[in-house]
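One-letter residues, chain by chain:
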Amino acid sequence: MSDPAGRGQHLRRALELYGTVLALAVLVVVFALTSDAFLRTANLLNIAKQISFLTILGVGFTLALAAAELDLSFANVCSLASVAVGGLLTVGWPIAGAVAVGLAIGAAFGLANGVLVTRLKVPSLIATLATASIANGIAFAITGGVAYVGRLAEPFLALARASVLGMPVLVLWTAGVVTLAQVFVATTRPGLHLVMTGEAEAAARLAGIRTRSMKVLALALSGLAAGLTAVLLTASLSSAGPTIAYDFLMRGIAAVLLGMTTIEPGRPNVPGTLVGALMIGVLTNGLTLAGAPYYVQDVMLGVIILGSVGLSASQLKRAAFGLGH
Amino acid sequence: MRKVLGLAVAMAATLLAQDAGAQGFKLGVIAFQMSSETHARVANAVEAAGKARGWDVTLLNSRGSMPEHAAQLDNLVQSGVGGIVLAMGKTVELDAQLAAAKAKGISVVTVMSGTSPHTLLDVAVDDFAAGAKMATYLLNRMNYRGSVLLQRYEGNVSTRARGKVLDAVLSENKAVTVLDAHVMARPQGWREDVKAGMEALTLKHQGKFQGIWASFDGQAFIIDDILREKGVKKGDVALVSIDGGQETFKRIRDPNSLMTASVAIPFEVMGSRAVEAMEAIAVKKTAKEKIVAGPVLMVDTVLVDGSNVPADGKWPW
């Protein structure tokens, strides 16, 4: 006979690990039961496309947080990189060149964040807020506040608007980034060192891990994710403005914190971030299909952020206040 | 967390249950930035006019975010609405989404959003004409001489057009000089941005300007408060802007306010016109050409100052 107490423990453990996934599944069922349109393939692909930017930015933030550092600059860096890509394409740069500049801007800001945090010992909360402000200022200096709007070259737009065998290419980009990031943190030496740095920096240092380099790497990858998102966002909207990614800051953080409630509870983790982004995407889409007014969506998002922050506060505090140092 | 998520699911279920009971034409409304009074006035008027017809209306707010704007339009297209109204939307950036809506047979009417080959029509005012009314009024009020401060916003086609017309008017009236200009840079935090910028400029040029031009009324309100704090009296400086609204009229009536005049745009009327056009074309299947010949349905503006300001709660049209 099985032990009821043991079964209860297993169930509790399963709920701890997959409670948020279960809640997502319940949301899907509720929306599916009450809206004919929700489970249509076109709508599911629509949700998958819509969470792509949030997921890629969230994966970058996850890597930074895994190294116990905050990157609050990713949204503004993304906007700046977007403006650079849009501006360069508008003045006739080749697509590859403009894309390379966008990615380089993201990576450069990430590296700068890393240097500020590890060499100058500026807490990442402050360092990345400062670089966010700098990125914002440069974006406005480039544009004068006026977005680059117009029909950009089709091959560039195809980076975000094309489909491969019926699958939107944005979904493929997202799958690629999530897979690469998960393989990186779970199986490669630098990835494992990065996570160890975040979890116990002093112990990692004693074990011979170059913890400062790991933090620089984590923040640089977050910047690179912002650069990639900028390219895809510009292609998706065929426009680039100095605040184009502003709204992703809160939602990106929410997705990561929500992700920290599942799969590996209490830890920033890539699959969890995907679940968090999906939760936000499903909720937004489902409520729209349900005819819910906009303020209900805002309230729901706020409730979810509160809940996820409540559960994942320890890691966030460690990153925000440098408790890992 | 599970309690929180349970609450979320319960709320969603309640809303869905409400939705299931709704009947008739389904209308989606997207306001680009509901925190902007003008966007909210249009969107709320559209919602009210739609509901008055017994329609099932979903009102969404893009919060000034382009990706959110595009995602909301995608979601409405998937939801099977019969029509969509965009309030101050971004039709150029939403080209792909609007094309998808058209392909699914969804009628799209926009308000002050610009034209698109995928939409039925745009309800708009002529911002160049409105800008000209205000620019010439300001100069006339200053007796065509003196100095002005400008509060510009280049990130919106309407406010940009108003600014360009002002430049044209000023270029022909050399006795009026521009002392300084502050350009609003942060749409999300625009109130703080305007406050900080204009506090600095009014301090720097204290006593040297006779007029202030603001690209929309929300900016003018902030400038009005700054001037009042500095002890500037009504009549010392002419403060003009464009948009109109009950707060604007209240300030024009207020003997302590510097607000001098505004070109009032009938946002509520524009919202109603958008719904009327939607009803005629999408519901009653009237040919679009019978509603308006071109892609824009123009609505007139009214210049309001102390001489014709309406009483509390009234409108000048």
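Because the structure is a prediction, the values reported are computed rather than measured.

Asker: Teacher, can you tell me more about the overall build of chain A here?
Answerer: Each helix and strand counted, chain A has 14 helices and four strands in total. Across its three principal axes, chain A shows a C-alpha extent of roughly 75 × 55 × 35 Å. When the 325 residues of chain A are sorted by exposure, 56% land in the buried category. Residue pairs at least 24 apart in sequence account for 76% of intrachain contacts in chain A once pairs closer than 6 positions are excluded.

Asker: Help me understand the overall build of chain B, please; the structure alone is not making it clear to me.
Answerer: The secondary structure content of chain B amounts to 10 helices and 12 strands. Reported as C-alpha extents along the three principal axes, the dimensions of chain B are approximately 60 × 55 × 35 Å. The buried share of chain B, taken over its 317 residues, is 59%. Excluding contacts between residues fewer than 6 apart, the proportion of contacts in chain B whose partners are at least 24 apart in sequence is 72%. Approximately 12400 Å² of chain B is accessible, and the part contributed by carbon and sulfur atoms is 53%. For chain B, the distance from the average position of its 36 positive side-chain charges to the average position of its 33 negative side-chain charges is 1 Å.

Asker: Please clarify how a positive patch on the surface should be interpreted in this entry.
Answerer: All names here are of chain A. Together, Arg119, Lys121, Arg210 and Arg212 give the surface a local cluster of positive charge. Considering the arrangement of structural elements, one finds lysine 121 in the loop between helix H5 (95–118) and helix H6 (124–143). For lysine 121, a relative accessible area of 57% puts it in the exposed group.

Asker: Where do I start with the packing of helix H9 (residues 189–199) of chain A against helix H11 (residues 211–237) of chain A in this structure?
Answerer: In a pair of packed helices, the angle between the axes and the distance between the axes together describe the arrangement. All names here are of chain A. Close contact between H9 and H11 brings their axes to 9 Å; oriented N to C, the two are set at 105 degrees. Accordingly, the angle class assigned to the pair H9 and H11 is roughly perpendicular. On H11, the residues that touch Pro190, His193, Leu194 and Thr197 of H9 are Thr211, Met214, Lys215, Leu217 and Ala218. When grouped by side-chain class, the residues that make up the contact of H9 with H11 number five nonpolar, three polar and one charged.

Asker: Where do I start with the interface of chain A and chain B in this structure?
Answerer: Interfaces are often sized by the amount of accessible area the parts lose when they come together. Facing the 55 residues of chain A at the interface are 41 residues of chain B. Here chain A packs against chain B, burying approximately 4100 Å² in sum over the two surfaces, 66% of which is carbon and sulfur. The interface formed by chain A and chain B holds three salt bridges in total. Residue A:Asp298 pairs with B:Arg63 through a salt bridge whose shortest N-O separation is 2.9 Å. Elements with a contribution of two residues or more to the side of chain A that touches chain B: helix H1 (4–34), helix H2 (41–50), H6, H11, helix H12 (248–259), helix H13 (270–289) and helix H14 (294–321) of chain A. Of the residues in the side of chain A that touches chain B, the class split is 29 nonpolar, 19 polar and seven charged.

Asker: How should I be thinking about the sheet that holds strand S3 (residues 83–87) of chain B in this particular structure?
Answerer: Note: strands within a sheet are paired through backbone hydrogen bonds, in either parallel or antiparallel orientation. All names here are of chain B. Pairing in this open sheet of six strands is parallel, and the strands run S2-S1-S3-S4-S5-S11 from one edge to the other. Two strands in the sheet have a free side with no partner beyond their single neighbour: strand S2 (56–61) and strand S11 (296–298). On average, each strand axis in the sheet is tilted by 20 degrees relative to the strand beside it, whichever way the strands run. Along the sheet, helix H3 (residues 66–79) contacts strand S1 (26–31), S2 and S3; its crossing angle with S1, the most-contacted strand, is approximately 180 degrees.

Asker: Where do I start with the sheet that holds strand S7 (residues 176–183) of chain B in this structure?
Answerer: All names here are of chain B. Taken in spatial order, the six strands make up an open sheet running S7-S6-S8-S9-S10-S12, and their pairing is mixed. Because the sheet does not close on itself, it has two edges, and the strands there are S7 and strand S12 (302–304). Sheet twist, expressed as the mean angle between neighbouring strand axes with direction ignored, is 20 degrees. Two elements, strand S8 (residues 211–214) and strand S9 (residues 238–243), share three bridges in a ladder whose sense is parallel. Residue pairing across strands places isoleucine 212 opposite leucine 239, the latter belonging to S9. Against the sheet, helix H6 (residues 157–171) engages strand S6 (146–152), S7, S8 and S9, with an angle of about 165 degrees to S6. Together, S6, S8, S9 and strand S10 (259–264) form the strand contacts of helix H8 (residues 217–229), whose direction differs from that of S9 by roughly 155 degrees.

Asker: Where do I start with the packing of aromatic side chains in this structure?
Answerer: Scanning all chains against the criterion turns up nine aromatic pairs over all chains. Centre to centre, the rings of A:Phe53 and A:Phe248 are 6.2 Å apart; their planes meet at 55 degrees, and the pair counts as tilted. A residue pair is termed long-range when its members are at least 10 positions apart, and A:Phe53 in helix H3 (residues 52–66) and A:Phe248 in helix H12 qualify at 195 residues. Classification of A:Phe53 as buried rests on a relative accessible area of 7%. Accessibility expressed as a relative area gives 9% for A:Phe248, which makes it buried. Among the aromatic residues, those joined into a ring-pair cluster are B:Tyr153, B:Trp190 and B:Phe216. We note B:Lys90 situated over the ring of B:Phe32; from NZ or CZ to the ring centre the distance is 4.7 Å.

Asker: Sorry, what's going on with the packing of helix H8 (residues 169–187) of chain A against H9(A) here?
Answerer: Residues and elements named next belong to chain A. Closest axis-to-axis distance for the H8/H9 pair is 5 Å, and the angle between their directions is 75 degrees. When the axis of H8 is compared with that of H9, the two are roughly perpendicular. Together, Phe184, Val185, Ala186 and Thr187 of H8 and Arg189, Pro190, Gly191, Leu192, Leu194 and Val195 of H9 make up the contact between the two elements. Taken together, the residues of the contact of H8 with H9 sort by class into seven nonpolar, two polar and one charged.

Asker: Would you explain the nonpolar core in this entry?
Answerer: Considering soluble globular proteins, one finds that nonpolar side chains tend to be buried as a cluster. Among the nonpolar cores identified, the biggest contains 101 residues, and A:Phe61, A:Phe156, A:Leu233 and B:Ile84 are the most heavily contacted of them. Apart from residues lying up to four places away in sequence, A:Phe61 is in contact with A:Leu70, A:Asp71, A:Leu72, A:Phe74, A:Ser222, A:Ile253 and A:Val256. Ranked by size, the runner-up nonpolar core spans 56 residues in total, among them B:Phe25, B:Met34, B:Leu120 and B:Ala282.

Asker: Would you mind going over the environment of A:Val178 with me for this structure?
Answerer: Residues and elements named next belong to chain A. Position of valine 178 relative to the elements: it lies in helix H8. Accessibility expressed as a relative area gives 12% for valine 178, which makes it buried. Separated by 86 residues in sequence, valine 178 and glycine 92 have C-alpha atoms that sit 32 Å apart. When near neighbours in sequence (up to four residues on either side) are disregarded, valine 178 contacts Thr55, Val59, Val270 and Leu274.

Asker: Explain the domain arrangement of chain B to me, please; I cannot follow it from the model alone.
Answerer: Residues and elements named next belong to chain B. On domain assignment, one finds that chain B holds domain 1 (23–125 + 267–299) and domain 2 (127–264). Across the contact, nine residues belong to domain 1 and 10 residues belong to domain 2. Between domain 1 and domain 2, the buried area comes to about 700 Å², and carbon and sulfur atoms account for 36% of it. Per-residue buried area on domain 1 facing domain 2 is highest for Glu37, Met112 and Val125; these three make up 37% of the total on that side. At the surface where domain 1 touches domain 2, the tally comes to zero salt bridges. Where domain 1 meets domain 2, there are two residue pairs in polar contact (both at pLDDT 80 or more). Class assignment for the residues of the side of domain 1 that touches domain 2 results in three nonpolar, three polar and three charged.

Asker: Explanation requested: helix H2 (residues 37–52) of chain B in the structure shown.
Answerer: Its 16 residues give H2(B) an end-to-end C-alpha distance of 22 Å, which sits within 8% of 22 Å, the value for a rise of 1.5 Å per residue. Taken together, the buried residues of H2(B) touch S1, S2, S3, strand S4 (107–111), S9 and helix H10 (267–283) of chain B.

Criteria and cut-off values
- Residues numbered from 1 in each chain as written.
- Chains lettered and ligands numbered in written order.
- Predicted model: local features only at pLDDT ≥ 70, side-chain atom pairs only at ≥ 80, totals over all residues.
- Heavy atoms only, no water.
- Helix = DSSP H or I, 4+ residues; strand = E, 2+ residues; numbered from the N terminus.
- Buried < 20%, exposed > 50% of the residue type's maximum accessible area, 1.4 Å probe, protein only.
- Contact = heavy atoms within 4.5 Å.
- Areas by Shrake-Rupley, 256 points an atom, 1.4 Å probe, with all protein chains shown as cover.
- Lys, Arg positive; Asp, Glu negative; His and termini not counted.
- Charge placed at Lys NZ, Arg CZ, Asp CG, Glu CD.
- Patch = residues over 30% accessible without salt bridge, like charges linked within 9 Å, V, L, I, M, F, W, Y side chains within 5 Å.
- Salt bridge = Lys/Arg side-chain N within 4 Å of Asp/Glu carboxyl O.
- Axes fitted to C-alpha atoms, helices over the stretch in contact; angles between N-to-C directions.
- Parallel < 35°, antiparallel > 145°, perpendicular 65-115°, else oblique.
- Nonpolar A, V, L, I, M, F, W, Y, C, P; charged D, E, K, R; others polar.
- Buried area = accessible area lost by both parts, 1.4 Å probe.
- Pairing = 2+ DSSP bridges.
- Phe/Tyr/Trp six-rings, centres within 6.5 Å; stacked < 30°, edge-to-face > 60°.
- Lys NZ or Arg CZ within 6 Å of the ring centre and 35° of its normal.
- Core = buried A, V, L, I, M, F, W, Y, C linked by side-chain atoms within 4.5 Å.
- Domains from an automatic or database assignment.
- Polar contact = N/O pair within 3.5 Å; in protein donor to acceptor, adjacent residues only side chain to side chain.
- Expected span 1.5 Å × (residues − 1).

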